[in-house]
Amino acid sequence: MFAAFCLFLLCGALAWAPRAQAGIANAPGANLEVSLITYGPGDTYWERFGHDAIELRDAVSGEAITFNYGVFDFDEKGFLLHFARGSMHYLMDAAPSEIDQHYYVDVGRSVTRQRLAFTAAQAGDLRDFLLWNLRPENVRYDYDYYADNCATRVRDALDKALGGVLKKQLQARAANMTFRQQTARLMSQQAWLMLILDLGLGPYADQPLSAWQESFLPMVLQEDIRNVTVTDAEGASHPLVQDEQLLSPNRLTPPPAQAPDLRLPLAIAGLVFAALLIAARRFVPTAYALLGSLYLVLAGLVGIALLILWTLTTHHSAWANANLLLFNPLALLLVGAVWRSRHGSVSSRMANALIVLQLLAALAAWLLHLLPGVVQQNQPWLLFGMPCWLALAWCLRRNDALNTRTR
């Protein structure tokens with residue numbers, strides 16, 4: 001996420017950091033204003049989740065520095081391999097606020113500042129932690145999409161300085177959506193990528209969340225923090241957000257408020273494909289073989305990818321994916337049977353066993369939804385896959401039935 005701006009910061013902003021840090025390093029905590037800066041979603045898929053940063057402003061000099069956790073280094077040794085395995089390394093960075101915000105304003109993404117009610121001691125502690133975090137030995141961290149990203153690092157830094165108040169209050173509230181729903185909502189403008197991500201997410205993405213967990217999204221943190229209260233030195237309770245200012249309005253198409261319901265579109269797609277397969281089997285056998293092979297090859301490749309994600313990577317959000325019961329590598333073994341069946345050949349015992357096994361696996365995928373606890377919400381893929389497998393089973397077994405009648 002946020003690659004264009006992150007690369008800009010990586011290449012140029014570090015040159016500003018030593019001079020910028022000197023301006024706030026010696027300022028007393030009473031002079032420091034603490035703000036949460038939230039940047040709205042962008043058009044590119046890696047920008048769809050938004051971004052945020054912590055701003056420290058010296059009220060005396062007017063100097064303002066933003067600290068963010070969204071930088072990654074393409075030149076890091078083994079970057080692509082780490083990315084594939086799910087062990088990505090991100091970095092923290094700092095830059096003058098004007099420079100930090102310039103990119104987002106230019107591309108039309110919203111910029112919002114929320115000034116927070118920090119005591120002098122809390123502001124000083126936050127400043128000291130952020131400067132410590134900028135040291136070369138502390139600047140890197142292991143990135144996780146949902147549990148440890150640029151928003152959760154900002155949230156955790158604020159919570160640490162506030163003495164745990166933020167976490168205590170947000171954990172007591174239920175989230176509005178799951179990881180899966182938020183992902184589908186924000187990626188809905190890139191439908192192909194939304195479908196790939198939904199297919200690849202396992203039951204981890206469907207667990208009930210607290211507001212604390214849902215604040216992995218900058219926009220959710222921006223909204224939830226409005227309802228947080230803190231206690232001042234005199235024991236009086238007041239809102240954490242002292243004031244909120246829209247520095248630059250959004251000029252892009254905003255994401256929908258709710259996640260799209262994929263059940264009906266994928267159910268229709270599955271029924272249409274099944275109908276085409278059966279019609280082609282009767283009238284255009286070669287087209288039937290091509291369609292059947294396409295489905296089986298894709299199902300097999302998807303199954304291989306899901307197995308790799310589960311067994312060879314740390315992408316825990318993709319582990320134990322129930323879609324493996326619908327799409328798995330065994331599908332590749334049926335490609336030859338489909339081509340033989342177009343000429344009226346009887347299916348082999350292995351092909352018959354595989355198709356029965358596949359139908360039982362699809363039935364098991366449905367029955368999983370009767371179990372208690374967190375169940376993977378893969379109904380759209382069940383509604384797509386079941387008609388396709390039933391049609392393939394009918395086409396492969398049709399020759400056997402015809403052969404039995406002629407005996």
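The rules we used
Once a new chain begins, its residue numbering starts again from 1 and follows that chain's sequence as written. Per-residue local features are limited, in this predicted model, to residues with pLDDT of at least 70; the limit for side-chain atom pairs, both in listing and counting, is 80 or more; totals at the level of whole chains, interfaces and linings are taken over all residues. Only hydrogens and water are set aside; all other atoms, that is, all heavy atoms of the structure, feed into the side-chain values. pLDDT is a per-residue confidence score from the predictor, ranging from 0 to 100. The contact rule is simple, with two residues in contact once any of their heavy atoms fall within 4.5 Å. Strands are runs of DSSP state E lasting at least 2 residues, helices are runs of H or I lasting at least 4, and numbering of each runs from the N terminus. Residue burial is assigned from relative accessible area. The probe radius is 1.4 Å, only protein chains are included, and a residue is buried under 20% of its type maximum, exposed over 50%, and partly exposed in between. One speaks of a salt bridge when a side-chain nitrogen belonging to Lys or Arg is within 4 Å of a carboxyl oxygen belonging to Asp or Glu. Here a helix's expected span is defined as the number of its residues, less one, multiplied by 1.5 Å. We call two N or O atoms a polar contact when they sit within 3.5 Å, provided that within protein one can donate a hydrogen and the other can accept it, with sequence-adjacent residues counted only if both atoms are side-chain atoms.

With that settled, consider the confidence of the model for the chain. Per-residue confidence for the chain averages 90 on the pLDDT scale, and 90% of its residues sit at or above 70. Between residues 1-22, whose pLDDT stays under 50, and residues either more than four places distant or in other chains, the model counts 51 contacts. For the stretch residues 402-407, pLDDT sits under 50, and the model shows one contact to residues farther than four places along the chain or on other chains.

Considering the arrangement of structural elements, one finds Thr-183 in helix α8 (residues 179-187). The class for Thr-183 is buried, based on a relative accessible area of 4%. Setting aside residues up to four positions removed in sequence, Thr-183 forms contacts with Phe-49, Tyr-146 and Leu-197.

Within the secondary structure, Asn-26 sits in the loop between α2 (17-25) and β1 (32-39). Owing to a relative accessible area of 71%, Asn-26 belongs among the exposed residues under this scheme. Residues Asn-26 and Arg-127, spaced 101 residues apart in sequence, show a C-alpha to C-alpha distance of 9.9 Å.

The subject of this paragraph is unusual backbone geometry. Positive phi outside glycine occurs at Ala-320, with the angle close to 55 degrees. Positionally, Ala-320 belongs in the loop between α13 (285-311) and α14 (335-341).

Let us now look at the pattern of salt bridges. Going through the model one piece at a time under the given rule, you end up with eleven salt bridges. Asp-261 serves as the salt-bridge partner of Arg-263, at 2.7 Å between the closest nitrogen and oxygen. On the accessibility criterion, Arg-263 (42% relative accessible area) is partly exposed. Each of the salt bridges in this network shares a partner with another, and the network as a whole consists of Glu-55, Arg-57 and Arg-113.

The next subject is helix α6 (residues 150-161). For α6, built from twelve residues, the straight-helix expectation of 16 Å at 1.5 Å per residue is met to within 8% by its first-to-last C-alpha distance of 17 Å. Summarising burial for α6: nine of the twelve residues are buried, a large majority. Residues Cys-150, Ala-151, Thr-152, Val-154, Arg-155, Ala-157, Leu-158, Asp-159 and Ala-161 constitute the buried set of α6. Of the residues flanking the start of α6, the one acting as N-cap is Asn-149, its side-chain oxygen 2.9 Å from the backbone nitrogen of Ala-151. Just downstream of α6 lies Gly-163, where phi reads positive at about 75 degrees.

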